Amino acid sequence: MSSHAYVAEIATDRDGNEHVVQGWQDDMYGAKLGFWLFMFTEVLMFGAMFMTLTYYMMLHEADFVHASASLNRYLGGFNTVVLLISALTMGLGLLKMRHGDIKGAKTMIWATIVLAFLFLGVKGVEWSLEYSHGVFLGLDALQPGNEHSKPFGQILFFGMYFTMTGIHGVHILGGIGIMLWLLKRINSGKVTPEHHILHFNIALYWDLVHLIWVFVFPFYYMMGAGTEMDTATLSSTIEAISHLGGSNEHH
Amino acid sequence: MSKSYLDLDQTHCAIGHPKTAFWQWMLTVDHKRIGLMYAAVIFTFFFVAVATAFAMRLELFAPGAQFMDGDTFNQAFTLHGVIMIFLFIIPGVPAVFGNIVMPLMIGAKDVSFPRLNWFTFWLYITGALVALSSLWSGEGFADTGWTFYAPYSLTTNTNVITTLVAAFILGMASILTGLNFLVTIHRLRAPGMDFFKMPLFVWGIYATAWIQLLATPVIGITLVLAILEKYFGIGIFDPSKGGDPVLFEHLFWIYSHPAVYLMILPAFGIMSEIIPTFSRREVFGYRTIALSSASIAGIGYLVWGHHLYTSGMADTAKVIFSFLTFFVAIPTGIKFYDWVFTMYKGKIILTTPMLWALGTIITFTIGGLTGVTIAMVGVDIHLQDTYYTVAHFHYAMLGGVVFLLFAGLHYWFPLMFGRMYNEGHAKFAFYLNFIGFNVLWFPMFIAGYYGMPRRYFDYLPEFEIYHQISFVGAVIFITGLITMFYVLIRAIKNGEKVGPNHWNATTLEWHLPTSPPPLENHTKVPYVDFMPYEYHHGQPVVKFDYETMKRID
């Protein structure tokens, strides 16, 4: 590759032994290390939010279970499966890239992008359903001191729910962006089976994003599953979605 | 041959190959140039914040309102704090000398991610502009203090959101700097230089980089939660929705206490460079200094609760946090004894950087020991939020971090510009600063002990004398600062030209082929089979041929 014409320097010690100097150029290990360090920061960011969530759950356990029961486990569960499959396609793409199958790698990246959009779409449906039930940031139910006000614990639960799923969604969007960029770099020959660190790091990122969801899902959705407040069924979900479509037509 | 990194065309650029000097500076990825640009911006902000502080001192000259009302005063101390903390002292030493000197010290050509470094600099500039924009937009600059405590920060009409966004962006820049330096130190050390052959400044930067990386995300997300709270009312910190404002304080200090170690550790690194160089003696207890940096970084994570003794916290937690806080004094004490022992029987040369370092030993000792007093729960209940704490903080931060930043500025000045300032004038500036500093802040210990609360724009008549002595100190101090910068800035153009190793120092940044250094640093990367501070009879042991970077001693 013409753009990788970097030749490492040699340092010689006093006994005449030669030592290869690691330059900042062509440092695959360094790029990997840097990205792992970046992932620490993501873990800490979400970690602080999980900690906040846990703290409030300990204060308002009944409210949390109640609020959790009202979330739609079918849509959330479906999304979990979507993200798990997308992690698989991402990993397969990386394997293909390593084995020199650039076309296959690109197909897998596209598949991941499609799944990411699917995830966001379902998330959008969920938020719309919640909005149509009057539960959304800024609506009366999540404000104190009016007739629709939910109890403190539920306000905090939904506040954190929209915050965390929102920030997670931003990470999905960002992931789509960098995957499209990756495809561009592959097409222009900047990412090749010999120099695929960008692909590697983006796969790492995507793993983290899906892993965070694997914690978000049980924490928010499963806490209220199987309690008497749990009203989510497949048929009611389908009905709610069709109702959502119908109400949109009215506008 | 004698081209230096300051000359036209002597840089690599992030985008394209611009022809003009201006764009070559704007787009440069060279660590030395980026460090210089940080220095220019950071010190400009420093003077803005100093001016704000001086305005507050003027207001406090006599009891009652002079020329500022209480609200303006609240905005003034917030502006002072936000600029000093987020724009000046947190980026401070790492952004300037971490960039300029650290890669030279380990024999690298640049940092690991030069283009990210360029991006980080402009991210910092973006954050700075966002912060300043809130001065002229909306209801004016935030009046919450730089700590943004909930619930007041959620209800005030001033422009808190802009300031929070700015702090978040600046936090990102800080994280990326730390990340870049960590990878650089792990990957780009010259062959043979293991961790215990690194100069101690690099150890300081290394410990700091971990704090930047592992603590900053917590404040990042805390600020995001506060922003969402203000925009959407998510309820997390708002007691009217069941949220807990003390949680904000916890999350805030989980970052912001380690942040003071983030500020001081690289500054201690500067001290560890200057003391052996001007004692002409190998540093005493190299490993203990290196490891004490690491342990300060570690212990620093576990002490944030000492900011919350009066905020509502379990008594058990208070005792534990108090106990843990005392532990920080141990590695810090080790460092100070090591420096003093390095000087013992050394051949001490009182150059300007050495004077600053010695001055810091005095001021930081006062700052550090008063810190131990307020780490005690009982004493702190009395002294929390008084001028005593303000004085402690400024003795530790200004008398520690900033004094050492100035020491580094005088120490590496000949390296950065290949010229030397007038030492007589620079020493005069030091004495002005040192005297002014102590006159300015020492009375505050007494005023605080007698109950003068911080952040008040008015006070009882019995405190007048302390405020007036402080004012005199402030005038001397600011005169000293202006003198110092005048001497240095003049020397950039007119200083006497000096060679690469003006101080007869030992570490690798002094073994460069030209003065100032060329674009890609050392001609060849040396093999490092020596300790960083080897002196024999007052002379450096290791000598290089600067063309081949082979040892010739």
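About the cut-offs
- Residues numbered from 1 in each chain as written.
- Chains lettered and ligands numbered in written order.
- Predicted model: local features only at pLDDT ≥ 70, side-chain atom pairs only at ≥ 80, totals over all residues.
- Heavy atoms only, no water.
- Phe/Tyr/Trp six-rings, centres within 6.5 Å; stacked < 30°, edge-to-face > 60°.
- Helix = DSSP H or I, 4+ residues; strand = E, 2+ residues; numbered from the N terminus.
- Buried < 20%, exposed > 50% of the residue type's maximum accessible area, 1.4 Å probe, protein only.
- Lys NZ or Arg CZ within 6 Å of the ring centre and 35° of its normal.
- Axes fitted to C-alpha atoms, helices over the stretch in contact; angles between N-to-C directions.
- Parallel < 35°, antiparallel > 145°, perpendicular 65-115°, else oblique.
- Left-handed = near helix turned anticlockwise from the far one by under 90°.
- Contact = heavy atoms within 4.5 Å.
- Polar contact = N/O pair within 3.5 Å; in protein donor to acceptor, adjacent residues only side chain to side chain.
- Buried area = accessible area lost by both parts, 1.4 Å probe.
- Salt bridge = Lys/Arg side-chain N within 4 Å of Asp/Glu carboxyl O.
- Nonpolar A, V, L, I, M, F, W, Y, C, P; charged D, E, K, R; others polar.
- Patch = residues over 30% accessible without salt bridge, like charges linked within 9 Å, V, L, I, M, F, W, Y side chains within 5 Å.
- Areas by Shrake-Rupley, 256 points an atom, 1.4 Å probe, with all protein chains shown as cover.

Enquirer: What am I meant to see in the packing of aromatic side chains here?
Expert: Centre-to-centre distance and the angle between the planes together describe a pair of aromatic rings. All names here are of chain B. Tallied over the entire structure, the rule returns 80 aromatic pairs over all chains. Summarising the aromatic geometry, the rings of Phe97 and Trp412 are spaced 5.0 Å apart at their centres and angled 45 degrees between planes, so their arrangement reads as tilted. Placement of the pair is Phe97 in helix H4 (residues 92-100) and Trp412 in helix H15 (residues 387-417), with a sequence separation of 315 residues. Like Trp412, Phe97 is buried. The lysine or arginine in question, Arg33, covers the ring of Trp25, its NZ or CZ lying 4.4 Å from the ring centre. The positively charged end of Arg287 is found above the aromatic ring belonging to Phe196, 3.9 Å away from the centroid.

Enquirer: How do you make sense of the packing of helix H2 (residues 31-59) of chain B against helix H6 (residues 114-136) of chain B when you look at a structure like this?
Expert: For any two helices packed against each other, the geometry is given by the interaxial angle and the distance between the axes. Residue and element names in this part refer to chain B. Between H2 and H6, whose axes approach to 10 Å, the crossing angle comes to 15 degrees. As judged from the angle between their axes, H2 and H6 are roughly parallel. As for how H2 packs across H6, the hand of that crossing is left-handed. When H2 is examined against H6, the residues His31, Ile34, Met37, Tyr38, Val41, Ile42 and Phe45 are found in contact with a partner set consisting of Asn117, Trp118, Thr120, Phe121, Tyr124, Ile125, Ala128 and Leu132.

Enquirer: Explanation requested: the side chain of Thr112(A) in the structure shown.
Expert: All names here are of chain A. Structurally, the position occupied by Thr112 is in helix H4 (residues 102-132). Separated by 2.7 Å, the side chain of Thr112 and the backbone oxygen of Met108 make a polar contact. Not counting residues up to four positions away in its chain, the partners in contact with Thr112 are Ser86, Thr89, Met90, Met179 and Trp206.

Enquirer: What am I meant to see in the interface of chain B and chain A here?
Expert: Where interface size is given, it is often the accessible area lost as the parts come together that is meant. Facing 44 residues of chain B, the contacting portion of chain A comprises 43 residues. Across the chain B/chain A interface, buried area totals approximately 3,700 Å², and carbon plus sulfur atoms make up 71% of it. Looking only at chain B, the three residues that lose the most surface to chain A are Arg187(B), Lys241(B) and Tyr527(B), adding up to 17% of its buried area. At the boundary of chain B with chain A, the tally comes to four salt bridges. Where Asp553(B) meets Arg14(A), a salt bridge forms, and the shortest distance between an N and an O atom there is 4.0 Å. In this assembly, chain B and chain A are joined by eight residue pairs in polar contact (both at pLDDT 80 or more). For the side of chain B that touches chain A, the secondary-structure elements that each account for two or more residues are helix H8 (160-187), helix H9 (200-232), helix H10 (245-279) and strand E6 (550-551) of chain B. When grouped by side-chain class, the residues that make up the side of chain B that touches chain A number 27 nonpolar, seven polar and ten charged.

Enquirer: What is the right way to look at a nonpolar patch on the surface in this model?
Expert: Residues and elements named next belong to chain B. On the surface, Phe323, Phe326, Phe327, Ile330, Ile334, Met376 and Val379 cluster together to form a nonpolar patch covering roughly 570 Å² of accessible area. Considering every element that reaches the nonpolar patch, the biggest residue donor is helix H12 (residues 315-343), with five residues. Residue class for Phe323 comes out exposed when judged on its relative accessible area of 51%.

Enquirer: I would appreciate a short explanation of unusual backbone geometry in the present structure.
Expert: Outside of glycine, negative phi angles account for most residues, and trans bonds account for most peptide bonds. Residues and elements named next belong to chain B. A cis amide bond, omega 0 degrees, links Ala150 with the succeeding residue Pro151. In this structure, Pro151 sits in the loop between H6 and helix H7 (152-155). Residue Pro516 is reached from Ser515 by a cis peptide bond, and omega for that bond is -5 degrees. Here Pro516 shows up in the loop between strand E2 (496-497) and strand E3 (535-536). One non-glycine residue, His537, adopts positive backbone phi at about 50 degrees. With respect to the helices and strands, His537 occurs in the loop between E3 and strand E4 (539-540). For Met549, which is not glycine, the phi torsion reads 55 degrees and is therefore positive. Within the fold, Met549 resides in the loop between strand E5 (544-545) and E6. Overall, the relative accessible area of 3% leaves Met549 in the buried class.

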